[in-house]
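The residues making up each chain are set out below.
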Amino acid sequence: SRKSRQAGAMRGAIRAACAGALLGYACSIRYTAALALLPLGVLVLQRVMMLRARRDKLALVRDLVVMAVGAWVALLPLLTYQWASFGSPLSTGYGLTNESAAFSWRWFVPHATYALVSLNLPGYGLVVLFPLAFVWLAYAVARDRGRGLFLGVWIVPPLLLYMAYYWIPGEGKD
């Protein structure tokens, strides 16, 4: 019935707003949480390809817009603070420390091998787990491409980001 459809749409919108607010809040605590948008994007694309009815596609777009509004509402206090303190909503206190200089291809490429080797050294706790994770990811892609793509964009970008940032030149065997 129409009433139950409207109630379902309202529940969907409330869930979307809450999901967006939680993602926005997570990004205000740790900016790398924005990488969660990659697997979310894969899920949305898979969902769009499965939907047949125009009404269902419009409902999905509505929920995505509501989710984006929820994220912006959660991020607004941080963006306002940064604008007042640093002159731009996208400027942070990290810029004052020059830490972001590590985020460059010029730095990343020569240190990527060291970072990958380090993930397999005793003491990091990933000696067996790290290689098994890549075998498992390859298996997931081969068995179910959609799920494998989802897991790949959930795992690989954060790994690359942390490799680019947390393995500092001069430490270790580089």
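From a predicted model like this one, the values you see are computed outputs, not experimental measurements.

Rules used throughout
Residues numbered from 1 in each chain as written. Predicted model: local features only at pLDDT ≥ 70, side-chain atom pairs only at ≥ 80, totals over all residues. Heavy atoms only, no water. Helix = DSSP H or I, 4+ residues; strand = E, 2+ residues; numbered from the N terminus. Rg over C-alpha atoms; globule rule 2.2 N^0.38 Å. Contact = heavy atoms within 4.5 Å. Areas by Shrake-Rupley, 256 points an atom, 1.4 Å probe, with all protein chains shown as cover. Lys, Arg positive; Asp, Glu negative; His and termini not counted. Charge placed at Lys NZ, Arg CZ, Asp CG, Glu CD. Expected span 1.5 Å × (residues − 1). Bend = angle between axes of the 7 residues up to and from the residue. Buried < 20%, exposed > 50% of the residue type's maximum accessible area, 1.4 Å probe, protein only. Patch = residues over 30% accessible without salt bridge, like charges linked within 9 Å, V, L, I, M, F, W, Y side chains within 5 Å. Salt bridge = Lys/Arg side-chain N within 4 Å of Asp/Glu carboxyl O. Phe/Tyr/Trp six-rings, centres within 6.5 Å; stacked < 30°, edge-to-face > 60°.

A.B. asks: Describe the overall build of the protein chain, listing the residues and the values that go with them.
C.D. replies: Tallying secondary structure elements over the protein chain gives six helices and zero strands in all. When its helices and strands are written in sequence order, the protein chain yields α-α-α-α-α-α. At 20 Å, the protein chain has a C-alpha radius of gyration far larger than the 16 Å of a compact globule built from 174 residues. Counting only C-alpha atoms and orienting by the principal axes, one finds that the protein chain spans roughly 65 × 50 × 25 Å. In the protein chain, the share of contacts with a sequence separation of at least 24, taken over all contacts with a separation of at least 6, comes to 64%. Total accessible area computed for the protein chain in this model is approximately 12,300 Å², and 70% of it derives from carbon and sulfur atoms. A gap of 18 Å separates the mean positions of the 17 positive and 6 negative side-chain charges of the protein chain.

A.B. asks: Go over helix H4 (residues 105-118) with me, naming the residues and quoting the values.
C.D. replies: With 14 residues, H4 ought to run about 20 Å at 1.5 Å a step, and its terminal C-alpha atoms sit 19 Å apart, in line with that. Helix geometry: H4 is bent most strongly at His111, by close to 50°. Among the residues of H4, those classed as buried are Trp107, Phe108, His111, Ala112, Tyr114, Ala115 and Ser118.

A.B. asks: Which residues make up a nonpolar patch on the surface, and what values go with them?
C.D. replies: A cluster of nonpolar side chains, contributed by Val61, Val65, Val69 and Val73, occupies part of the molecular surface with about 350 Å² of accessible area. Here Val73 lies in helix H3 (residues 54-86).

A.B. asks: Please set out the packing of aromatic side chains residue by residue, giving values where relevant.
C.D. replies: Overall, the coordinates contain three aromatic pairs when judged by the stated rule. Here the aromatic rings of Tyr81 and Phe86 are separated by 6.2 Å at their centres, their planes lie at 85°, and the arrangement is edge-to-face. Classification of Phe86 by relative accessible area gives partly exposed; the value is 29%. Measuring from ring centre to ring centre gives 5.5 Å for Phe150 and Trp154, while their planes differ by 50°; the resulting arrangement is tilted. In this pair, Phe150 and Trp154 both sit in helix H6 (residues 145-166), four residues apart, roughly one turn of the helix.

A.B. asks: Now, about helix H1 (residues 2-29): what can you tell me, with residues and values included?
C.D. replies: Here H1 spans 41 Å end to end across 28 residues, near enough to the 40 Å set by a 1.5 Å rise per residue. Among the residues making up H1, those that are buried are Gly12, Ala13, Ala16, Gly20, Leu23, Gly24, Cys27 and Ser28. Of the surrounding secondary structure, the elements contacted by the buried residues of H1 are helix H2 (37-50) and H3.

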